Amino acid sequence: MITRNRPPDARQKVDPGVTWSANNTYDFDTGSTDSGKPPSWTGKPTRPTSYSSVSSASSRGSYLSDSLRLGALAEEHQRLPVAVEQVINELIETEFAYLNSLQEVMTGYLTPLRQEVKKNALPLTMAEIDVIFLNIEEIAAFHLNIYEKLCQSHENLTSIANVFINNSEQFKIYTYYCTNLPHSNSMLVDVLDRPRVRAALAELQKKLGHPLPLSTYLLKPFQRVCKYPDILQAWQIRTPKNTKKGGGELDLGHKVEMTVGSVASRQL
Amino acid sequence: MEGSKRTEPRIFKIIVVGDSNVGKTCLTYRFVEERFPSNTEATIGVDFREKRVQVDTEIIRLQIWDTAGQERFRKSMVSHYYRNAAAVIFVYDVTCEQSFRNIPKWITEADQHILHTDVPRLLVGTKNDLESQEVIRQRAQRFADANFLPLFEVSAKSESSQSQINAIFLTVAHKLKQQKPLIPKPPGQPVMIEWEEDSRSSCCG
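The rules we used
Residues numbered from 1 in each chain as written. Chains lettered and ligands numbered in written order. Predicted model: local features only at pLDDT ≥ 70, side-chain atom pairs only at ≥ 80, totals over all residues. Heavy atoms only, no water. UniProt positions renumbered as here; feature names shortened; annotations may be inferred. Helix = DSSP H or I, 4+ residues; strand = E, 2+ residues; numbered from the N terminus. Buried < 20%, exposed > 50% of the residue type's maximum accessible area, 1.4 Å probe, protein only. Salt bridge = Lys/Arg side-chain N within 4 Å of Asp/Glu carboxyl O. Axes fitted to C-alpha atoms, helices over the stretch in contact; angles between N-to-C directions. Parallel < 35°, antiparallel > 145°, perpendicular 65-115°, else oblique. Left-handed = near helix turned anticlockwise from the far one by under 90°. Contact = heavy atoms within 4.5 Å. Nonpolar A, V, L, I, M, F, W, Y, C, P; charged D, E, K, R; others polar. Polar contact = N/O pair within 3.5 Å; in protein donor to acceptor, adjacent residues only side chain to side chain.

In the Sequence similarities (unreviewed entry) part of its UniProt record, chain B is described as follows: "Belongs to the small GTPase superfamily. Rab family."

In the annotation of an unreviewed UniProt entry, the entry for chain A reads DH domain-containing protein, and the organism field reads Oikopleura dioica.

Okay, here's the thing in structure tokens:
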């Protein structure tokens, strides 16, 4: 069992909806279809200033340096391109933030709601709870496993890629989640019509200190699975093709991307 | 309780597509929440917004799929977005010529994924409160006419556009009311039982 250090609170609190921003320092996609003009109309994103520091190895949060020794990794592997290191750091850090929010949903919403329903204290059924939360517990358990393995594979990039390749079959659990998310959303809208459920959810949200409601957090698995191909493609692009080692990783990264990318097509 | 059981409102899926940063999120947010979001970030994948609207005597539920404009945040999910879509809203930014020029690309994408020809489609130009209008109305209208798309120009930012934005979605809702719902119930979804504020004793308990 691995002990996870808490992430910096500030980032967790202000970054509830989306873990990634198009305007952050990691503009992986060099061939982006984005026009690249500043968001003049939608207003500036309120990305916390601490976020940009994520890109620099020196000012990275200590929780990661401690647990993953990524700083040491950078020193040990001088040949490792900085860009690749950034991609990997981003992968692991966002993986942690993601896992964290999944667990918040479970401990902050799912468990208390089930307890209330068991006591008949809420006008809500277990079946409705199942529709709303889908297989989020399965997804969280899977990602805890992934995260632990990522932490153990700080030695080299190939092990990191292998974490995904060896677990690629399990990404299928996202098929159920993504396919049924619209129904989850509708069910949530339904149950929010009941004043006592609405009050209970608001109370739980307050306890968690989340600025945004549960529906936003339920989107996270969908968003995460949309992000993997992007991260892995960035990895692929940044990996030099002329090195033998890099070539192997390129292949691995590509394999991973294929696997994750096919999650969506499988469900159709 | 039998007598008080209402029929479930029908749900229709509306997908909103267009280039990144044209204001899809702000447009749908304005309709559903009736205000302009204080800040938004790039949508990753999709976001769902749902609103009940009354059309004549019937309440219907519009489930709006606010999709990511950036290719990298949507590529793996595209066919998923269009599946069972009851209507499509194409969005461009009137201050960004390129976003208008890309509309045919979005139409092509929709054509590839939507098999029914009778799925209503609309064209919406956003940010028309801004001075730097690059896409003039007449030109957009000609394009819209040629493609049989009703055209709306709005600003999600200005309060005065609220009714206009409501009108866009109500136009869709009216069209959809004539159809059967395109989102089938998922297998295993529990049958909804009419719920009462204080019914401690369930009917099967």
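There is more to say after this.
Residue and element names in this part refer to chain B. Despite not being glycine, Asn-21 has its phi angle at roughly 70 degrees, a positive value. Here Asn-21 shows up in the loop between strand E1 (10-18) and helix H1 (24-33). Since its relative accessible area comes to 21%, Asn-21 is described here as partly exposed. A positive phi angle, close to 65 degrees, is found at Lys-127, a residue other than glycine. Tracing the backbone through its elements, the reader meets Lys-127 in the loop between strand E5 (121-126) and helix H5 (137-146). For Lys-127, a relative accessible area of 0% puts it in the buried group.

According to the stated counting rule, one finds 21 salt bridges over all chains in the structure shown. The closest approach of N and O atoms between Glu58(B) and Arg10(B), which form a salt bridge, is 2.8 Å. Pair noted here: Glu58(B) is in strand E3 (residues 58-67) and Arg10(B) is in strand E1, with a separation of 48 residues, a long-range link. For Glu58(B), a relative accessible area of 22% gives the class partly exposed. Through salt bridges with shared partners, a single network forms among Asp190(A), Asp193(A), Glu50(B), Arg52(B) and Arg61(B).

Turning our eyes to something else, we now look at the packing of helix H5 (residues 82-118) of chain A against helix H6 (residues 126-133) of chain A. All names here are of chain A. Contact geometry of H5 with H6 gives a least axis separation of 10 Å together with a crossing angle of 165 degrees. As the angle between them shows, H5 and H6 are arranged roughly antiparallel. Regarding H5 and H6, the two cross each other, and that crossing is right-handed. Contacts from Val-105, Tyr-109, Leu-110, Leu-113, Arg-114, Val-117 and Lys-118 of H5 reach H6 at Met-126, Ile-129, Asp-130 and Phe-133. Each residue belonging to the contact of H5 with H6 can be placed in one class, and the counts come to eight nonpolar, no polar and three charged.

Quick look at the environment of Glu50(B) now. Mapping Glu50(B) onto the fold places it in strand E2 (residues 46-55). Residues Glu50(B) and Leu62(B) lie 12 residues apart in sequence; the distance between their C-alpha atoms is 5.6 Å. Leaving out residues up to four positions away in the same chain, Glu50(B) has contacts with Asn185(A), Ser186(A), Val189(A), Val32(B), Arg61(B), Leu62(B) and Gln63(B). Of note is the side chain of Glu50(B), whose polar atom sits 2.9 Å from the side chain of Ser186(A). Polar side-chain contacts of Glu50(B) include one of 3.2 Å to the side chain of Gln63(B).

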